[in-house]
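In case you want the letters, here they are:
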Amino acid sequence: MTIRPIIIHPDPRLKKLAMPISEVTPAIERLAEDMLETMYDAPGIGLAAPQIGVMSRLFVMDCVKEEGAAAAPMVLLNPCITWASEALSTYEEGCLSIPEQYGEVERPAEIDMQWLGLDGKTHAQRFDGLWATCAQHELDHLNGKLFIDYLKPMRRQLITRKMQKFKREQARS
């Protein structure tokens, strides 16, 4: 397994639509392993393939945060939402591609999601709470959307300027 570099906003790859995965291959399995390793190392609770420069419809997540609780890593290929609740929830979201920046985003409180698993089978599950927020956030990445796109324009511009400065400072060091 390899920890991969995470792309930092602004980067045009983060605004592109990711392509569907036609079949589970050893390369896709390795990619999923690398993404989980990268996500845990960051540390984060979700990571989409475009965030490491791979334009495929794949994301990983693990929203278990309790100390001592067993990890519950998930790998979702070609995920789609099949149902969303009318009830909404607001969560202060962050993103590994937008480090140390947060914003409140309102999303459906519950969703049903369907995806292809690494076992080659179709899976479906209802997510709520942090799992629902994370799944929707990561699916947005596959559609070229970032959590800051939900924020007011001034706040979005401020965060983008901070990220541009952050990237300049990284390049110098």
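A short tour of the structure in this document, coming up. For clarity, every value in this text was computed on a predicted model and none was experimentally measured.

Rules of the game
- Residues numbered from 1 in each chain as written.
- Predicted model: local features only at pLDDT ≥ 70, side-chain atom pairs only at ≥ 80, totals over all residues.
- Heavy atoms only, no water.
- Pairing = 2+ DSSP bridges.
- Helix = DSSP H or I, 4+ residues; strand = E, 2+ residues; numbered from the N terminus.
- Axes fitted to C-alpha atoms, helices over the stretch in contact; angles between N-to-C directions.

1. Describing the sheet that holds strand E7 (residues 122–128)
Backbone hydrogen bonds are what pair the strands of a sheet, in a parallel or an antiparallel way.
Link 1 in the chain: Spatially, five strands are ordered E1-E2-E3-E6-E7 in an open sheet, and the strand pairing comes out antiparallel. On the outer flanks of this sheet lie strand E1 (46–48) and E7, each paired with one strand and no other. Geometrically, the sheet is characterised by an average inter-axis angle of 40 degrees between neighbouring strands, direction not taken into account.
Link 2 in the chain: Relative to strand E3 (residues 74–84), strand E2 (residues 58–61) is paired through four bridges, and the arrangement is antiparallel.

2. Considering unusual backbone geometry
Link 1 in the chain: A cis amide bond links His-9 to the next residue, Pro-10, at an omega of -5 degrees.
Link 2 in the chain: On the secondary structure map, Pro-10 appears in the segment before helix H1 (26–41).
Link 3 in the chain: Backbone torsion omega between Ala-42 and Pro-43 reads -15 degrees, so that peptide bond is classified as cis.
Link 4 in the chain: Tracing the backbone shows Pro-43 in the loop between H1 and E1.
Link 5 in the chain: Residues other than glycine seldom take positive phi values, yet Asn-78 does so here, at roughly 50 degrees.
Link 6 in the chain: Here Asn-78 shows up in strand E3.
Link 7 in the chain: One non-glycine residue, Glu-100, lies in the positive phi region at around 60 degrees.

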